[in-house]
Amino acid sequence: MEQPNPNGSAPVTSQPLLEAVELTRHFRLGGMFSKRVLHAVDDFSLTIHEREIVALVGESGSGKSTIARLLARIYAPTRGEISYRDRPLHRMRSRRALFAYRGEVTMVFQDPFSAFNPVFRVSHGVMRNLALHRPELTRQQRRQEAARVFESVGLSPSMLDRFPYEMSGGERQRVGFAQALAVRPKLILADEPVSMLDVSVRAGVLNMMAGLRDQEGVSILYITHDLASARYVADRVIVMYAGHLVEEGPTETILREPRHPYTQLLLSAVADPREKVETVSSDTGEPPRVINPGEGCRFRQRCPLAIEKCSHVTPRPKPIGAAQVACHVATGDTAELSVPTSGALG
Amino acid sequence: MATGVSALGVASADGAGQVDAARGRRFIRAVLGNRKATAGALILLVIVFMAAFPGLVAPDSPQASLYPPNLGASSKHLLGTTQIGQDVFSQLIWSTRLTLLVTVIVSAIATCISMIIGVTAAYIGGVTDRLLTVVTDVFLIIPVLPLLILLAAYLPPGVTSLVIVLTITSWAFQARQLRSQGLSIRNRDFLVAARVRGERAIYIILVEIVPTMTSLLAASFLALAVFEVGFAASLQFLGLGNSSELMWGTMLYNAQQAAALESGNALWVLAPGAAVALMGAGFALVNYAFDEIGNPALRPVRRRRGGRAAA
Amino acid sequence: MVAEPLLEVRDLSVDYLTDAGDVRAVDRVSFAVEPGEFLGIVGESGCGKSTLLFGVAQLLSPPGELAGGTVTFRGRDMVRLGRDELRHVRWRDYSIVMQSAMNALNPMKSIGSQFRDVFHAHDGASDEQIQQRSEEVLRLVGIDAEHLKSYPHQLSGGMRQRAMIAMALLFTPSLVLMDEPTSALDVVAQRSLMIKIRELQRRLGFAVIFVTHDMSVVSLYSDRVMVMYAGQIAEAARTETIFERPLHPYTQGLMNAFPSIRGPRRELLGIPGRPPDLARPPGGCRFRPRCPRAFDACASHPPDLYPVGDTQVRCLLYTELAKEAS
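Residues numbered from 1 in each chain as written. Chains lettered and ligands numbered in written order. Predicted model: local features only at pLDDT ≥ 70, side-chain atom pairs only at ≥ 80, totals over all residues.

Help me understand the overall build of chain C in this model?
Helices and strands together make up the secondary structure of chain C, namely eleven helices and twelve strands. Here the C-alpha atoms of chain C give a radius of gyration of 21 Å, agreeing with the 20 Å that 2.2 N^0.38 yields for 326 residues. For chain C, the proportion of its 326 residues judged to be buried stands at 50%. A separation threshold of at least 6 residues defines the contact pool for chain C, and within that pool the share at least 24 residues apart is 65%. (Helix = DSSP H or I, 4+ residues; strand = E, 2+ residues; numbered from the N terminus. Rg over C-alpha atoms; globule rule 2.2 N^0.38 Å. Buried ≥ 20, exposed ≤ 12 C-beta atoms within 10 Å, placed from the backbone. Contact = placed C-beta atoms within 7 Å.)

Written as C-alpha cells, this is what we have:
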C-alpha cells in the first residue's frame, strides 16, 4: 500500500461532495408529553470533498455517531439541511432517489461482531449490495466483483464463503469496507471502524482506508475518539463536543495549534507510549449535560478560560487562520452585546 | 474493548459450508448429552412411530365393537375394552396420529403467527407496534372457555374447529416474547447495515431477523406443543370435539359419558390421560436441549479426571 | 536482604476444558509483585491476561480451571486454601476491580447498600462504622459522599469506575487487581482515573496488577510491565526499559503500531496475521509466523524466558542459537 497522503494537501477537486448546514437532531426522552429533550446534535455544519478523509473526533455523547446516522439517512434531522452534490436530501423523497443516494453513500460500523448476521456467510452483504445497486451484473459477474472488492481491501477471495465467526475482528472490519465498496460509493461513513480492534491490527485497516482514498477515489468520514489515528489518515479534522462543532481545520493545523480549550484538553490527554510527557489536568472527564441545555457554551463548566459571556451566548464557529473555532475567548469575541438578546438575562 | 480472535473457539480451518452440518451435529450432541433431552426424544420417537404405523402395533380395529364390553386388562386386551366393546389399547394407538398432527399443526401455525406479529411490531415500531401490541393483548385476555362455548354453537364440532380455536387462543402467548427478542436485536449493526443498503422492511424481517431466531422459535414451538396437547384434550373432554374422531381427548370424553370410572373401567380413562401427559413430557424434555444450546452456561461441566474443579 | 514479595506466581497454567479439547490459555507464567508496586500486564485479545488475573484471584469458573503452578500471597498458597479461608482473605488482603462497572455493580441497589453488602460478606462491622468507611472511600476516589444513595445508572461511566475502585479499597487491601478498568472510558476520563489510581496507590501503599490491551495507558504509571502473547510472557522489564528498548519483536511491533500524536509522522506497520489458535499452538516459538526476525531455529525450539540485563525476554534472538544463524 502506498504511503498515505501528506496531511494538509488540498483535495483533488474543490467541488463539495456532501454539505451539511446547521444540522440539528433532538430526541424526546420519556413519553409523548415529556419536556425533556436530548440535544444530540445542534447547528452542526460540515463539508466533505471528493477524495478526502475527514476525521470527526469526539467522545461519547459528543453526537458524532448521530451525525453518521443523519448523513446515512437513518434518522431525519430535526432542523438543518444536508445536500449531496448540491441536491438537498429532503427533495429526494421518492424511493428511487433515496435508493440512489444509498448507492453513493454507505456506512461501516464499529463493532465487528454485531455488524454481520451470524446466520449468513460474509459474502452475503456484498452480494446483496451488488444485487440491489448494480442490477446490470449477472450472477457470475457479481461473484467476480465480490472477489475484486475483497482483494481491494486486502482479503483473499477464498474468504468469501467463510462465516463471520471464522474470521478475526480485523478481517471482519475489512469485509465491512468491502461491503461498502461493492456499490462503488463516493463517500463511506466509517463509524469508529478500528476502535474495537487490537492495536496491532488497526494499522493495517488505517492504511487500507488511506489506500481507498488514493486508489479508489473514495471519500471517508472517519468517526473516532482517537486523535492520534485521526492524525494518521485524515486530511481534515472536526472536533465535536456535546453536540456542537468546536473546532475544525486541516489536520496538522488543528494538532499543532489547537485553539479551542477542549481540543487542547483532548490533546493533552492522549498518551503516547514513546513519550514520557506527563501533563496533569484536574479535569475528571465528566460528560456534559445535553438534556435541555439552553444557551451558552457547553464546555464552560470544564473550561479554564470561561468568561461571563460563555454562560449565555452560544459560540459559533469563526475562522482563525485555516481553522474554524467556536470559542469566544479564542476568537477574541469577548465583548458582551450592549443590548441583551431576549431571554439571555434575567 | 479491543477484540480479536478468541483463542478458544475459532475454527482455523477454511470452513466453507461446514456450519450447517456443525449446527446439526451440535444439536444431536446436545440431545444425546443431556439425559432429559434424550428421554424426551425417545418418547417422541415412539409416539411418531405409533402415529405412522399404528397397524404394526395394534392390528385390531379401534372402533369396531367386536368384544365384550368393560373387560379389564388381559393379554388379549392390554387395556381392556370400552363400554361398547372396543379395544382400548387399539383406540389409544390409533388415536396417536390425529392427536400428534393437531398438536404439531396448531403449534406450528401459532408460532408462525406470533413470530410475524411479534417481530413486525418490534422492527417497525411506532404506531404499528402499538396497534399490534393491543391486538396481542386482546387475544391474550380473551377468556377461552366462554369463547369456545360461543364458537361451539357456530362451528361444526371436529378437528378443524379445534385447530382454529386452539390457534386463535394460543398465538398471543409467544408474541410478546418474540417481540422482546426482536426489540433486543433491532438496533444490531447488521440490521442497520441492511437498512443502509436500502433493503425493504419485509425483507429485513423475513430474511435477516427471523433466521437468527430459529432456536427461540423451536423452543417456542416445543413449549406451545406441551400446552396444546393438554389443552386440546381438555376441550374435547368438555364435549367440544367430535366424539367419533380418533383422538385421546375424545376417548376421555367418551369414557366420561359412559361413566367409566363409576363402572369400574378405570383403564379407559387413565390410558388416554397418561398418553397426553407422556406426549407433553416428551416435548418438554426435548426443550431442555434447546436451553442448553442457547445458553452454554447450562451445559454439563466437564471435570478433569482426578483434578480439582475450579473454586 | 531482599524483602519477601507480596505475591509470587510460579508456573501458573490455566486450561479451558471445551468439547473440542483442552485449551491452555495460560502457560506456565511466573512473576512476582513487591509491596506497593504497580505491575502492568499488557497484551491483545486472546493472550490470556484476563484469564491469568482470574487465576491469580482464584476466581476461575468452569470451563476454566487451574492446571498447575502456585500462587503464594503473603507466604500462603492460595490454591490450597479452602472456600472459607479464601473468603476471609478476599477483599481484606486483596481485591479486584472489573472491566465494566455495569457488569459488576447491581443496578437495583444503591452504591451505599452494595458497600454494605461487601461488609456483611467479609466482616461484622457496626452500621456506623460501615457508613463512615463508605463515605471515606468515596471521598478518596473523588466522589461526593452524597452518592452513597445513588444508583449505578445515575452515575457517569467514569464515576462508576471510581465507585468500583472505592469498593475495592473498603478494607485497605495490600493488593488490588484491575482488569481493564479504563477501557470503557473516554480519553480524558481515562487519564483522570489513572492519575487518581496512582495517587491512591502512593498514599495507601497497595500494590496494583493492572491488565490492559492499551500499552499507552500503563506507560506513564506502572513500575514494571509484562507483555503477554498466546498465553505466555513475551517480555517483562521495568517500564522505562521496555519502552526505550523493547527487545521482543512482538513488543517492538506493538510499539510501532501506535500512531504518534506529537512526534513526526511515520508509516504505521502493525503486525500482520493473527494470534495462534491455542487449541493447536504452533511448534517452536508461538510468535514465529508473524515475526519479521524469525530464523530457522525458531520453528523447532520453543524459547524460554532469557534474562537480558534487567529484562526477561522469550526470544531466541538473545541466545547462542541466534549467533549461529547469522
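Okay, back to it.
Help me understand the overall build of chain A in this model?
Tallying secondary structure elements over chain A gives ten helices and twelve strands in all. The proportion of buried residues among the 346 residues of chain A is 52%. Nonlocal contacts in chain A, meaning residues at least 24 apart in sequence, comprise 67% of its contacts between residues at least 6 apart.

What is the right way to look at the interface of chain A and chain C in this model?
Accessible area lost when the parts come together is the quantity often used to give the size of an interface. Of the residues lining the interface, 37 residues belong to chain A; the matching set on chain C comes to 37 residues. Residues of the side of chain A that touches chain C, tallied by class, amount to 17 nonpolar, ten polar and ten charged. (Nonpolar A, V, L, I, M, F, W, Y, C, P; charged D, E, K, R; others polar.)

What am I meant to see in helix 2 (residues 35-52) of chain B here?
Count 3.6 residues to each turn of an α-helix, and residues three or four apart come out pointing the same way. All names here are of chain B. With 18 residues, helix 2 should cover 26 Å at 1.5 Å per step; its first-to-last C-alpha distance of 26 Å lies within 8% of that length. Turning to helix 2, its buried residues are Ala 37, Gly 40, Leu 44, Ile 47 and Met 50. The arc enclosing the buried residues of helix 2, seen along the axis, measures out at 150 degrees, which places them on a common side. Residues Arg 35, Leu 45 and Ala 52 are exposed on helix 2 and point more than 90 degrees away from its buried face. (Expected span 1.5 Å × (residues − 1). Arc of directions from axis to C-beta.)

Is there a simple way to explain the environment of Ala 189 of chain C in this structure?
Looking at the element boundaries, Ala 189 of chain C is found in helix 7 (residues 187-204). In this structure Ala 189 of chain C comes out as buried when scored by C-beta crowding, with 25 C-beta atoms within 10 Å. Along the chain, Ala 189 of chain C and Gln 161 of chain C lie 28 residues apart, while their C-alpha atoms are 10.0 Å from each other. Discounting residues that sit within four places of it in the chain, Ala 189 of chain C has contacts with Thr 284 and Gly 285 of chain A together with Gly 157 and Gly 158 of chain C.

So what exactly am I meant to see when it comes to the pairing of strand 10 (residues 244-250) of chain A here?
Residues and elements named next belong to chain A. Most of strand 10 sits inside the fold, with six of its seven residues counted as buried. Here strand 9 (residues 236-241) hands over to strand 10 after two residues, with Ala 242 in that stretch at a positive phi of 50 degrees. In terms of strand pairing, strand 10 meets strand 12 (residues 323-325) through two bridges, oriented antiparallel. Looking across to strand 12, one finds that Glu 247 is bridged to Val 325. (Pairing = 2+ DSSP bridges.)

Can you help me understand the environment of Gly 321 of chain A in this one?
Residues and elements named next belong to chain A. Within the fold, Gly 321 resides in the loop between strand 11 (318-320) and strand 12. Residue Gly 321 is classed as exposed on the basis of its 11 C-beta neighbours within 10 Å. In sequence terms Gly 321 and His 26 are 295 residues apart; their C-alpha atoms lie 32 Å from each other.

Would you mind showing me how to read the environment of Glu 228 of chain B here?
All names here are of chain B. You can see Glu 228 is positioned in helix 10 (residues 214-240). Remark: the alpha-carbon pair of Glu 228 and Thr 167, spanning 61 residues in sequence, is separated by 9.3 Å. Ignoring sequence-local partners within four residues, the contact set of Glu 228 consists of Thr 103, Val 106, Ser 107, Leu 166 and Ser 170.

Even after reading the chapter, I still don't get the confidence of the model for chain A, so can you show me in this structure?
Low-pLDDT portions of the prediction should not be read for the details of their coordinates. Mean pLDDT over chain A: 86, with 89% of residues reaching 70 or higher. Contacts from residues 1-12 of chain A, a stretch scored under 50 in pLDDT, to residues over four places away or in other chains number 27 contacts. (pLDDT = per-residue confidence, 0-100.)

So what exactly am I meant to see when it comes to unusual backbone geometry here?
A negative phi angle characterises most non-glycine residues, just as the trans form characterises most peptide bonds. Cis geometry marks the peptide bond from Pro 62 of chain C to Pro 63 of chain C, where omega comes out at 10 degrees. On the secondary structure map, Pro 63 of chain C appears in the loop between helix 1 (49-56) and strand 4 (64-73). Notably, Glu 22 of chain A is not glycine yet its phi reads approximately 50 degrees, a positive angle. Note on placement: Glu 22 of chain A falls in strand 1 (residues 16-28). The exposure class of Glu 22 of chain A is exposed, given the 12 C-beta atoms found within 10 Å. The phi angle at Arg 73 of chain A is positive, at roughly 60 degrees, despite the residue not being glycine. Judged by the 19 C-beta atoms lying within 10 Å of it, Arg 73 of chain A falls in the partly exposed class.

Help me understand the sheet that holds strand 5 (residues 76-77) of chain C, please; the structure alone is not making it clear to me.
Adjacent strands of a sheet pair through backbone hydrogen bonds, lying either parallel or antiparallel. Spatially, 2-1-4-5 (chain C) is the arrangement adopted by the four strands of the open sheet, whose pairing is antiparallel. Both edges of this open sheet fall to strand 2 (21-33) and strand 5 of chain C, since each of them pairs with a single strand only.

How should I be thinking about the confidence of the model for chain C in this particular structure?
A residue-level look at chain C finds 98% of positions with pLDDT of 70 or above and a mean pLDDT of 87. Scored as a complex, the prediction yields pTM 0.82 and ipTM 0.83.

Teacher, can you tell me more about the packing of helix 4 (residues 88-124) of chain B against helix 9 (residues 201-209) of chain B here?
Two numbers describe a pair of packed helices, the interaxial angle and the distance between the axes. All names here are of chain B. Remark: helix 4 packs on helix 9, axes separated minimally by 11 Å, with the N-to-C direction vectors making an angle of 120 degrees. The orientation of helix 4 with respect to helix 9, classified from their angle, is oblique. Crossing hand, helix 4 versus helix 9: right-handed. Residues Val 119, Thr 120, Tyr 123 and Ile 124 of helix 4 lie in contact with helix 9, whose contacting residues are Ala 201, Ile 204, Ile 205 and Ile 209. For the contact of helix 4 with helix 9, the residue count by class is seven nonpolar, one polar and no charged. (Axes fitted to C-alpha atoms, helices over the stretch in contact; angles between N-to-C directions. Parallel < 35°, antiparallel > 145°, perpendicular 65-115°, else oblique. Left-handed = near helix turned anticlockwise from the far one by under 90°.)

Please explain helix 10 (residues 249-256) of chain C as it appears in this structure.
By the criterion of burial, helix 10 of chain C is predominantly enclosed, with six of the eight residues buried. Every buried residue belonging to helix 10 of chain C is among Pro 249, Tyr 250, Thr 251, Gly 253, Leu 254 and Asn 256 of chain C, and all of these are buried. As for helix 10 of chain C, its buried residues are in contact with helix 6 (199-216) of chain A together with helix 8 (215-219), strand 9 (224-229), strand 10 (232-238) and helix 9 (239-244) of chain C.

Sorry if this is basic, but what is going on with the packing of helix 3 (residues 123-133) of chain A against helix 4 (residues 139-152) of chain A here?
All names here are of chain A. The contact between helix 3 and helix 4 brings their axes to 10 Å, and the two run at 125 degrees. In terms of orientation, helix 3 lies oblique with respect to helix 4. In the packing of helix 3 onto helix 4, the handedness of the crossing is right-handed. Facing helix 3, whose interface residues are Ser 123, Val 126, Met 127, Leu 130 and Ala 131, helix 4 presents Arg 142, Glu 145, Ala 146 and Val 149. Tallied by class, the residues present in the contact of helix 3 with helix 4 amount to six nonpolar, one polar and two charged.

How should I be thinking about the sheet that holds strand 6 (residues 105-108) of chain A in this particular structure?
Residue and element names in this part refer to chain A. In space, the eight strands of this open sheet follow the order 6-7-8-3-9-10-12-11, with mixed pairing throughout. A strand with exactly one partner marks an edge of an open sheet, and here the two such strands are strand 6 and strand 11. Along the sheet, successive strands turn relative to each other by an average axial angle of 20 degrees, direction set aside. The pairing of strand 6 with strand 7 (residues 187-191) spans four bridges and is parallel. For Met 107, the partnering residue across the bridge sits in strand 7 and is Leu 189.

I keep staring at the pairing of strand 4 (residues 79-84) of chain A and nothing clicks. Help me out?
On a regular strand, each side chain points to the face opposite its neighbour's, so the side chains alternate between the two faces of the sheet. Residue and element names in this part refer to chain A. Of the strand pairs in this sheet, strand 1 and strand 4 are connected by five bridges, and their pairing is antiparallel. Residue pairing in the sheet places Thr 24 in a bridge with Arg 79 of strand 4. Two elements, strand 4 and strand 5 (residues 87-88), share two bridges in a ladder whose sense is antiparallel. When the bridges of strand 5 are listed, Tyr 84 appears paired with Arg 87.

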